[in-house]
Amino acid sequence: MAKHSDTSWKQDHPSTLFSNSVQKADRLLKHAKSHPEEIAIEHAFNQIEHAENARVNAEQYGEHLDTVQQNKEYLAQIKQQLHEMKENITGQ
């Protein structure tokens, strides 16, 4: 196995990349909740898109699918909360 560099660990462990992406989306959700501004919500949505791309890669990789499924469900919750926040901000 090749020595791990910044890019090889992503290729070797897409489920880890997905987990990290979901954690970052969660942090951005918390930031958006404490600073409910449109830009904070938009940053969180951008991270969700990144995490969804990482999910596809993780599913194709086919390992740790139980963890991938848990993160997929959690990401869906984050996305729902962000949609609700965005509706509250734009609906006012």
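Coordinates for the structure precede this section.
Reading guide: rules and limits
Residues numbered from 1 in each chain as written. Predicted model: local features only at pLDDT ≥ 70, side-chain atom pairs only at ≥ 80, totals over all residues. Heavy atoms only, no water. Helix = DSSP H or I, 4+ residues; strand = E, 2+ residues; numbered from the N terminus. Buried < 20%, exposed > 50% of the residue type's maximum accessible area, 1.4 Å probe, protein only. Contact = heavy atoms within 4.5 Å. Areas by Shrake-Rupley, 256 points an atom, 1.4 Å probe, with all protein chains shown as cover. Salt bridge = Lys/Arg side-chain N within 4 Å of Asp/Glu carboxyl O. Axes fitted to C-alpha atoms, helices over the stretch in contact; angles between N-to-C directions. Parallel < 35°, antiparallel > 145°, perpendicular 65-115°, else oblique. Left-handed = near helix turned anticlockwise from the far one by under 90°. Nonpolar A, V, L, I, M, F, W, Y, C, P; charged D, E, K, R; others polar.

1. Some points on the overall build of the chain
Part 1 of the argument: Within the chain, the regular secondary structure consists of four helices and zero strands.
Part 2 of the argument: Helices and strands appear in the chain in the N-to-C order α-α-α-α.
Part 3 of the argument: Burial status across the chain gives 30% buried among its 92 residues.
Part 4 of the argument: In the chain, of all internal contacts separated by at least 6 residues, the share reaching a separation of at least 24 is 71%.
Part 5 of the argument: For the chain, the accessible area works out to roughly 6,200 Å², and carbon and sulfur atoms hold 47% of it.

2. Some points on the pattern of salt bridges
Part 1 of the argument: Enumeration according to the criterion identifies five salt bridges in this entry.
Part 2 of the argument: Salt-bridge contacts for R55 lead to E59; the nearest nitrogen and oxygen are separated by 2.8 Å. With R55 and E59 both in helix α3 (residues 38-61), this residue pair falls four residues apart, about one helical turn.
Part 3 of the argument: Taking relative accessible area as the criterion, E59 reaches 32% and is therefore assigned partly exposed.
Part 4 of the argument: E59 serves as the salt-bridge partner of K72, at 3.7 Å between the closest nitrogen and oxygen. On the criterion of sequence distance, the pair formed by K72 in helix α4 (residues 65-90) and E59 in helix α3 is long-range, its members being 13 residues apart.

3. Observations regarding the packing of helix α2 (residues 14-34) against α4
When two helices pack together, their arrangement is given by the angle between the helix axes and the distance between those axes.
Part 1 of the argument: Running from amino to carboxyl end, α2 crosses α4 at an angle of 25 degrees, the nearest separation of the two axes being 10 Å. In this view, α2 runs roughly parallel relative to α4, as classed from their interaxial angle. Crossing of α2 against α4: the hand is left-handed. Packed against α2, whose contacting residues are S15, F18, S19, V22, A25, D26, L29, A32 and K33, the element α4 presents T67, V68, N71, K72, Y74, L75, I78, Q81, L82 and M85 at the interface.
Part 2 of the argument: For the contact of α2 with α4, the residue count by class is eleven nonpolar, five polar and three charged.

4. Comments concerning the packing of α2 against α3
Part 1 of the argument: Between α2 and α3, the shortest axis-to-axis distance is 8 Å and the interhelical angle comes to 165 degrees. On the basis of their axis angle, the class for α2 and α3 is roughly antiparallel. The chirality of how α2 crosses α3 is left-handed.
Part 2 of the argument: Among the residues forming the contact of α2 with α3, the class breakdown is 16 nonpolar, seven polar and two charged.

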